[in-house]
Amino acid sequence: MLRPVHRWIWSDFDRRVRKLLAFAEVESDGGRDILRAAQGTPDPLLRRLYLEHAIDELHHGHLFRERGAALLRTRAARANGPFDGSPLPGGHGLDNLRVEDEPDERLLAFLHVAEKAAAGRFAIYRDIVDDDPSTRAIFDEILRDEVFHMNYTYTQLARVSPRSYRRQVWRARASRLWKRYIGVAAAVANVFGTLVLVIQYFVLLPPFAWLAKRAARREPAGWTTIPAGRDDSLTRQY
Ligand SMILES: [Fe+2]
Ligand SMILES: [Fe+2]
């Protein structure tokens, strides 16, 4: 449904560079989070998988950064536009989850949902950047890793939490959806607030400006005499 929006975002050179650099940040951030998860888990198999996963994500961050920088070198990007960063929430990352406080099943469920979203999003981007073979090759490579991440997190979730893994995935999905909703709602509220202020400025303010101007015209110009007695000397303090 959003394909035309994605196409529009990726069609512009500067936006493309900013998107790639934003992805680089998200992927590296995700890599660091998963590295912390590897340090924290008591499960040796999960520790190994998390470690491989973290290395993949850090590598993705590096690939995106390098590609963004290479594009930048070909042409200096202009100043930031209104759609700096990510107008549509990206699919990846742990949404600032406190990795240290989360049990493995919650973390795996959350990772599974995030990786699935990332895989879907990157598949769309790969198709859209057909005019740019190098960027496309990067998406191709990353997409393969994301599909692996999506699958291993699900398999491991079913292993560590065989009774409740479906519920865990639904919970993670709901929490992710809620965060997306809050983000979109805040953006809409921002636009709405600006609109109301603009309307107030152009609709409510003019009558008051007109009244003030009319009152100013009625004021006599120059010095005015004050009633007798007001300029008597003061005889008391108050
Ligand atoms: Fe990734
Ligand atoms: Fe991933």
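Every value quoted in this text rests on a predicted model; they were computed, and no experiment measured them.

1. Observations concerning the coordination of the iron ion (ligand 2)
In ideal tetrahedral geometry, four donors around a metal make angles of 109.5 degrees, whereas ideal octahedral geometry with six donors gives angles of 90 or 180 degrees.
Inference 1: Coordination of the iron ion (ligand 2) by the protein comes from E57 (OE), E115 (OE), E115 (OE), E146 (OE) and H149 (ND1), over a distance range of 1.9 to 2.6 Å.
Inference 2: When the donors of the iron ion (ligand 2) are listed by position in the chain, the intervening gaps give E-x57-E-x30-E-x2-H.
Inference 3: A spacing of 3.3 Å is found between the iron ion (ligand 2) and the iron ion (ligand 1), which share E57 as a donor. With E57 in helix α3 (residues 44-74) and E115 in helix α4 (residues 104-128), this pair connects stretches of sequence that are 58 residues apart.
Inference 4: By relative accessible area, E115 is classed as buried at 1%.

2. Examining the coordination of the iron ion (ligand 1)
Inference 1: Within the protein, the atoms that donate to the iron ion (ligand 1) are E27 (OE), E57 (OE), H60 (ND1) and E146 (OE), at distances of 1.9 to 2.3 Å.
Inference 2: One can describe the site at the iron ion (ligand 1) as irregular: its 4 donor atoms subtend angles covering 83 to 149° at the metal.
Inference 3: Sequence positions of the donors to the iron ion (ligand 1) reduce to the motif E-x29-E-x2-H-x85-E.
Inference 4: We classify E27 as buried; its relative accessible area is 1%.

3. Focus on the side chain of D104
Inference 1: Within the secondary structure layout, D104 lies in helix α4.
Inference 2: We note that D104 is buried and unpaired, the nearest opposite charge coming from R159 at a distance of 7.3 Å.
Inference 3: Only 2.6 Å separates the side chain of D104 from the side chain of T41, close enough to count as a polar contact.
Inference 4: With near-sequence residues (within four places) excluded, D104 lies in contact with T41, P42, D43, L46 and Y50.

4. Quick look at a nonpolar patch on the surface
Inference 1: A cluster of nonpolar side chains, namely L195, V198, I199, Y201, F202, V203, L204 and L205, defines an oily patch on the protein surface of about 820 Å² accessible area.
Inference 2: Inspection of the secondary structure assignment puts F202 in helix α6 (residues 165-218).
Inference 3: With a relative accessible area of 58%, F202 lands in the exposed category.

Criteria and thresholds
Residues numbered from 1 in each chain as written. Chains lettered and ligands numbered in written order. Predicted model: local features only at pLDDT ≥ 70, side-chain atom pairs only at ≥ 80, totals over all residues. Heavy atoms only, no water. Donors = N, O, S within 2.8 Å, 3.2 Å for Na, K, Ca; no water. Helix = DSSP H or I, 4+ residues; strand = E, 2+ residues; numbered from the N terminus. Buried < 20%, exposed > 50% of the residue type's maximum accessible area, 1.4 Å probe, protein only. Tetrahedral: all angles 85-135°; square planar, octahedral: opposite > 155°, others 65-115°. Lys, Arg positive; Asp, Glu negative; His and termini not counted. Salt bridge = Lys/Arg side-chain N within 4 Å of Asp/Glu carboxyl O. Polar contact = N/O pair within 3.5 Å; in protein donor to acceptor, adjacent residues only side chain to side chain. Contact = heavy atoms within 4.5 Å. Patch = residues over 30% accessible without salt bridge, like charges linked within 9 Å, V, L, I, M, F, W, Y side chains within 5 Å. Areas by Shrake-Rupley, 256 points an atom, 1.4 Å probe, with all protein chains shown as cover.

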